[in-house]
Amino acid sequence: MTIDQLDVRLISMLAAEPRIGVLECSRRLNVARGTVQARLDRMVERGVITGYGPDIDPTAIGYGVTAFVTLQIRQVSGHSPVVDRLALVPEVLEVHTITGGGDMLCRVVARSNADLQRVIDLIVDVDGVVRTSSVIALDTPVPYRTLPLVAAANRN
């Protein structure tokens, strides 16, 4: 899906002020309310906008340690059974299948380094996980972001 400058402005506005209403968006963008609603509906339908929920900072709720855990898994029954079990661990925020030395990469959080060991133990206990390797994030100088990508997609 291609996006135009109005889409970029709309997405940027909603990212900056997630609680703003459609009517206020239309007023600020100088377009009809129906135009804003139609564009939002189209971007949701096509998977450009995937949610409107609040962004949660794990540190603010007591999970100050972030780590990336690379998993090597038994390839007998594929990734799905391992993914299903990993999804049951609340501290596992993301799971990606990857190329290279491992099979999966998980972003996890924990309350402390000692708690991280507990989380890693839960992951190692998942049937199909053969080995893990972890690194602890010291800082996040560039947090997850998509607005620069949205703006770049409009230029291409």
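What you are looking at is a predicted structure, and each value in this text was computed from that prediction instead of being measured.

Thresholds applied
Here the residue index of a chain counts from 1 through its sequence in written order. A pLDDT threshold of at least 70 governs which residues receive local features in this predicted model, and a stricter bar of 80 or more applies before side-chain atom pairs are shown or counted, although totals over entire chains, interfaces and linings include all residues. Side-chain metrics in this entry use all non-hydrogen atoms of the structure; hydrogen atoms and water are not considered. Each salt bridge in this description consists of a side-chain nitrogen of Lys or Arg and a carboxyl oxygen of Asp or Glu lying within 4 Å of one another. By the criteria applied, helices consist of DSSP H or I runs no shorter than four residues and strands consist of E runs no shorter than two, each listed in order from the N terminus. Exposure classes here rest on a 1.4 Å probe applied to the protein chains alone. A residue is buried below 20% of its type maximum, exposed above 50%, and partly exposed in between. UniProt positions are given in the numbering used here, feature names are shortened, and annotations may be inferred rather than shown by experiment. In short, DSSP must find at least two bridges between two strands for them to pair. Orientation is described by axes fitted as lines to C-alpha atoms, over the contacting stretch for helices, and by angles from 0 to 180 degrees between their N-to-C directions. For this analysis, residues touch if any pair of their heavy atoms sits within 4.5 Å.

Asker: Now, about the pattern of salt bridges: what can you tell me, with residues and values included?
Answerer: When the charged atoms of two side chains with opposite charge come close together, those side chains can pair. A full pass over the atoms with the stated rule returns 10 salt bridges. Between Arg28 and Glu17 there is a salt bridge, and its shortest N-O distance comes to 2.5 Å. One end of the pair, Arg28, is in helix H2 (residues 22-29); the other, Glu17, is in the loop between helix H1 (5-16) and H2, and 11 residues separate them in sequence. For Arg28, a relative accessible area of 36% puts it in the partly exposed group. Overall, Glu17 belongs to the partly exposed group, its relative accessible area being 34%. Within this structure, Asp4, Asp7, Arg39 and Arg42 form a network of salt bridges that share partners.

Asker: Just give me the short version of the UniProt feature "domain: HTH asnC-type" (unreviewed entry) in the chain, but keep the residues and values in it.
Answerer: Mapped onto this numbering, the UniProt entry gives "domain: HTH asnC-type" (unreviewed entry) at residues 3-64. Secondary structure within residues 3-64 divides into 53% helix and 0% strand; the distance between the first and last C-alpha atoms comes to 36 Å.

Asker: With reference to specific residues and values, describe the sheet that holds strand S4 (residues 129-137).
Answerer: Strand order across the open sheet formed by 4 strands is S2-S3-S1-S4, with antiparallel pairing between neighbours. Where the open sheet ends on each side, the last strands, each with one partner, are strand S2 (92-97) and S4. Going from strand to strand, the sheet's axes swing by 20 degrees on average, the running direction of each strand aside. Examined bridge by bridge, S2 and strand S3 (residues 104-110) share 5 bridges and lie antiparallel to one another. Its bridge partner lying in S3, Glu94 is registered against Arg107. Against the sheet, helix H5 (residues 113-124) engages strand S1 (65-73), S2, S3 and S4, with an angle of about 155 degrees to S4.

Asker: Tell me about the pairing of S3, and please be specific about residues and values.
Answerer: Burial within S3 is extensive, with 5 of its 7 residues counted as buried. Judged from the 7 bridges that link them, S1 and S3 form a sheet pairing that is antiparallel. Bridge assignment links Phe68 to a residue of S3, and that residue is Arg107. Hairpin remark: S2 followed by S3, antiparallel, with 6 residues in the connecting loop; positive phi at Gly100, about 105 degrees.

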